[in-house]
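Residue-level listing of the chains:
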Number of protein chains: 2
Amino acid sequence: MNILLLPELDNNQSSINITERSQISHIQQVLELKVGDSLKVGSVNGRLGTAVIESVSDTKLKLGCLNLDIMPPSKLDLTVVLALPRPKVLRRLIMDMTAIGVAEIILVNSYRTDKSYWQSPMLNRIDEFVTEGLQQGVDTIAPNIQLKKRFKPFVEDELSLWAKDRSLVVAHPYSPLSFNQYIEQSGLPQVLCIGAEGGWIDYEVGLLQEHGCQPIHIGSRILRTEAAVNVLCGRYL
Amino acid sequence: MNILLLPELDNNQSSINITERSQISHIQQVLELKVGDSLKVGSVNGRLGTAVIESVSDTKLKLGCLNLDIMPPSKLDLTVVLALPRPKVLRRLIMDMTAIGVAEIILVNSYRTDKSYWQSPMLNRIDEFVTEGLQQGVDTIAPNIQLKKRFKPFVEDELSLWAKDRSLVVAHPYSPLSFNQYIEQSGLPQVLCIGAEGGWIDYEVGLLQEHGCQPIHIGSRILRTEAAVNVLCGRYL
């Protein structure tokens, strides 16, 4: 947690009470801050700045001297279309994509997405993972996140329209074109389609390609989904 | 696991028995392979290829028709000097750096490395994490990994000598120069010094700089160590 994310603030609001236990315990136990200490904060959809701890108990922490005058960093001009991964890795993926500044995240079904993943209680916790990502990445504005349970209609009816004015690539280890070659020729693409463990099947790559996605590879080495997402999104920093 | 890593093989060896239970259960339960099926294999320090399952029980799996004729991918021209992280994240960091092809990994002490991390039993399991990384990244050659428990002597006596013929950078969010600007001016550096959670302290950045490391940043967003390592190393792919 590199900032504490506060709710939206009123104009000229100078203090606020925190009641979220995970935030209070993080401030006390990890950051080891006490009354009188200053910490970095941000207000949801607002600015970044500092606050001072005025009082603290196990259930309530009062922050005063709110001074929020720094604009949050710009989002990357990037939509990630990600095959819904195992629930276990979803948290870190959402957190990392949020921290790195991806503007839009579309979680889509794929052949290698087990049906049970769509029933996972982790899907109800996405907002929490976004908050963790914003607090990690020092940002206040959540990415737009959408869930698309049907791959073919999503590609044919929605993604196909983007191709008119956006550049799209799909990560695929067996593509002849490398991501570096693509960037040299065409600049950074605005949409990255990334498979989860096991990658996309040929039918999926074919359908994405038919609707405007250029397949690209990042070398013969196969990376964990999380590593691949950070490698690909890292090129936008 | 994208290949099964076998021990070093003799010339013309055409079959081998696997007794490692984790490998046997992965082949049976995750890959769901059975007698007669072919799978991708690699031999430690040797080549990549295929083998066929000839027989299988809970404790022994016999592979035949060994056909290893593909050279493993080249390593990146890259040494990562990493502040020893929390044991919990060490596994994924070693695995990811191995999979991505880092040639040399130096785990070094830092101000923000808790002393207890050096006593962690995870440090005795590094070879296991390397094997996982090689099996993920489709490689057979382990990175060279060294542990340096004393930061100052390491920087003054060892790293300082590298600066004669290698280019070195230290990741530091408050540096004025970005990694992209560095790469445009000087190409990819051969040594990346990366802090763990909380980053390097000013004294450490100062000492590294004094001995030839150029500080670089990757933007105002602060990433988890794992994410930062993949973002930075990903530039070499």
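Before any of the text, the structure's been laid out above.
A.B. asks: Would you explain the interface of chain B and chain A in this entry?
C.D. replies: Listed per partner, the contact involves 31 residues of chain B and 31 residues of chain A. Of the roughly 2,500 Å² buried between chain B and chain A on both sides combined, carbon and sulfur atoms contribute 49%. Summed over the three residues of chain B that lose the most area to chain A, namely Arg221, Arg224 and Leu237 of chain B, the buried surface amounts to 30% of that side. Between chain B and chain A we count six salt bridges in total. Note that Arg221 of chain A and Asp139 of chain B form a salt bridge whose closest N and O atoms lie 3.0 Å from each other. Scanning the region where chain B abuts chain A turns up 14 residue pairs in polar contact (both at pLDDT 80 or more). Secondary-structure elements contributing two or more residues to the side of chain B that touches chain A are helix 2 (87–100), helix 3 (126–137) and helix 7 (225–234) of chain B. The element best represented in the side of chain B that touches chain A is helix 2 of chain B, accounting for six residues. Residue composition of the side of chain B that touches chain A, grouped by class: 12 nonpolar, 10 polar and nine charged.

A.B. asks: Is there a simple way to explain the side chain of His172 of chain B in this structure?
C.D. replies: Topologically, His172 of chain B is positioned in the loop between strand 9 (168–171) and helix 5 (179–186). Contact partners of His172 of chain B, with chain neighbours within four places excluded, come to Trp200, Asp202, Val205, Pro215, Ile216 and His217 of chain B.

A.B. asks: Can you help me understand the relation of the copies chain B and chain A in this one?
C.D. replies: Superposition of the two copies of the chain requires a rotation about an axis together with a shift along that axis. When chain B is fitted to chain A, the best match, at an RMSD of 0.0 Å, comes from turning it 180 degrees and sliding it 0.0 Å along the axis. Overall, the copies show the geometry of a two-fold rotation axis. Residues of chain B ranked by C-alpha distance from the rotation axis are headed by Val231 of chain B, positioned 2.4 Å from it. Comparing contact sets, 100% of the residues at the interface of chain B also lie at the interface in chain A, consistent with an isologous, same-surface contact.

A.B. asks: Looking at this model, I keep getting lost on the environment of Gly64 of chain B. Mind explaining?
C.D. replies: All names here are of chain B. Positionally, Gly64 belongs in strand 5 (residues 61–70). Judged by its relative accessible area of 0%, Gly64 falls in the buried class. When the C-alpha positions of Gly64 and Ser14 are compared, they lie 5.9 Å apart, and in sequence the two are 50 residues distant. Every residue in contact with Gly64, bar those within four places of it in the chain, is listed here: Ser14, Ser15, Ala51, Val52 and Glu54.

A.B. asks: Would you mind going over the pairing of strand 5 of chain B with me for this structure?
C.D. replies: Each regular strand displays side chains that alternate between the two surfaces of the sheet. Residues and elements named next belong to chain B. Of the strand pairs in this sheet, strand 2 (residues 16–18) and strand 5 are connected by three bridges, and their pairing is antiparallel. Residue Ile18 lies in a different strand from strand 5, and its bridge partner there is Leu61. Sheet analysis places strand 4 (residues 48–56) next to strand 5, joined by seven bridges and oriented antiparallel. Paired with Ile53 across the bridge in strand 5 is Leu63.

A.B. asks: Can you help me understand the packing of aromatic side chains in this one?
C.D. replies: The relation between two aromatic rings is expressed through the spacing of the ring centres and the mutual angle of the planes. Residues and elements named next belong to chain A. Enumeration according to the criterion identifies four aromatic pairs over all chains in this entry. Judged by centre distance (5.8 Å) and plane angle (40 degrees), the ring pair of Phe151 and Trp200 falls under tilted. Here Phe151 is found in helix 4 (residues 151–162), whereas its partner Trp200 is found in the loop between strand 10 (191–194) and helix 6 (202–210), with 49 residues between them in sequence. Residue placement shows Arg166 over the ring face of Trp162; its charged tip is 4.6 Å from the ring centre.

A.B. asks: How should helix 7 (residues 225–234) of chain A be read in this particular structure?
C.D. replies: Residue pairs three or four apart in sequence face the same way in an α-helix, which turns once every 3.6 residues. Of all the 10 residues making up helix 7 of chain A, 10 are buried; the element is thus mostly covered by neighbouring parts of the structure. For helix 7 of chain A, the set of buried residues is Thr225, Glu226, Ala227, Ala228, Val229, Asn230, Val231, Leu232, Cys233 and Gly234 of chain A.

A.B. asks: Got a minute to help me understand the sheet that holds strand 1 (residues 4–6) of chain B in this structure?
C.D. replies: In any sheet, the strands associate via hydrogen bonds between backbone groups, in a parallel or an antiparallel arrangement. Residues and elements named next belong to chain B. Read across the open sheet, the five strands follow the order 1-3-4-5-2; overall the sheet is mixed. The open sheet has two free edges, formed respectively by strand 1 and strand 2, since each of these has just one partner strand. The average angle at which neighbouring strand axes cross in this sheet is 45 degrees, direction not considered. In the sheet, strand 1 pairs with strand 3 (residues 38–43) via three bridges, with the strands oriented parallel. Within strand 3, the residue paired with Leu4 across the bridge is Val41.

A.B. asks: Can you help me understand the state of the cysteines in this one?
C.D. replies: Every disulfide links exactly two cysteines, by a covalent bond between their sulfur atoms. Inspection of the entire model under this criterion finds zero disulfides over all chains. Left without a disulfide partner, Cys213 of chain A is nearest to the cysteine sulfur of Cys193 of chain A, which lies 3.9 Å away.

A.B. asks: It is not clear to me how the packing of helix 7 of chain A against helix 7 of chain B should be interpreted in this structure. Could you clarify?
C.D. replies: For any two helices packed against each other, one specifies the inter-axial angle together with the distance between the axes. Where helix 7 of chain A meets helix 7 of chain B, the axes come as close as 8 Å, and the angle between the chain directions of the two elements is 55 degrees. Comparing the axis directions of helix 7 of chain A and helix 7 of chain B gives the class oblique. When you trace helix 7 of chain A past helix 7 of chain B, the crossing you get is right-handed. Contacts from Glu226, Ala227, Asn230, Val231 and Gly234 of chain A in helix 7 of chain A reach Glu226, Ala227, Asn230, Val231 and Gly234 of chain B in helix 7 of chain B. Partitioned by chemical class, the residues of the contact of helix 7 of chain A with helix 7 of chain B number four nonpolar, four polar and two charged.

Criteria and cut-off values
- Residues numbered from 1 in each chain as written.
- Chains lettered and ligands numbered in written order.
- Predicted model: local features only at pLDDT ≥ 70, side-chain atom pairs only at ≥ 80, totals over all residues.
- Heavy atoms only, no water.
- Contact = heavy atoms within 4.5 Å.
- Buried area = accessible area lost by both parts, 1.4 Å probe.
- Salt bridge = Lys/Arg side-chain N within 4 Å of Asp/Glu carboxyl O.
- Polar contact = N/O pair within 3.5 Å; in protein donor to acceptor, adjacent residues only side chain to side chain.
- Helix = DSSP H or I, 4+ residues; strand = E, 2+ residues; numbered from the N terminus.
- Nonpolar A, V, L, I, M, F, W, Y, C, P; charged D, E, K, R; others polar.
- Least-squares fit on C-alpha atoms with pLDDT ≥ 70 in both.
- Buried < 20%, exposed > 50% of the residue type's maximum accessible area, 1.4 Å probe, protein only.
- Pairing = 2+ DSSP bridges.
- Phe/Tyr/Trp six-rings, centres within 6.5 Å; stacked < 30°, edge-to-face > 60°.
- Lys NZ or Arg CZ within 6 Å of the ring centre and 35° of its normal.
- Axes fitted to C-alpha atoms, helices over the stretch in contact; angles between N-to-C directions.
- Disulfide = S-S within 2.5 Å.
- Parallel < 35°, antiparallel > 145°, perpendicular 65-115°, else oblique.
- Left-handed = near helix turned anticlockwise from the far one by under 90°.

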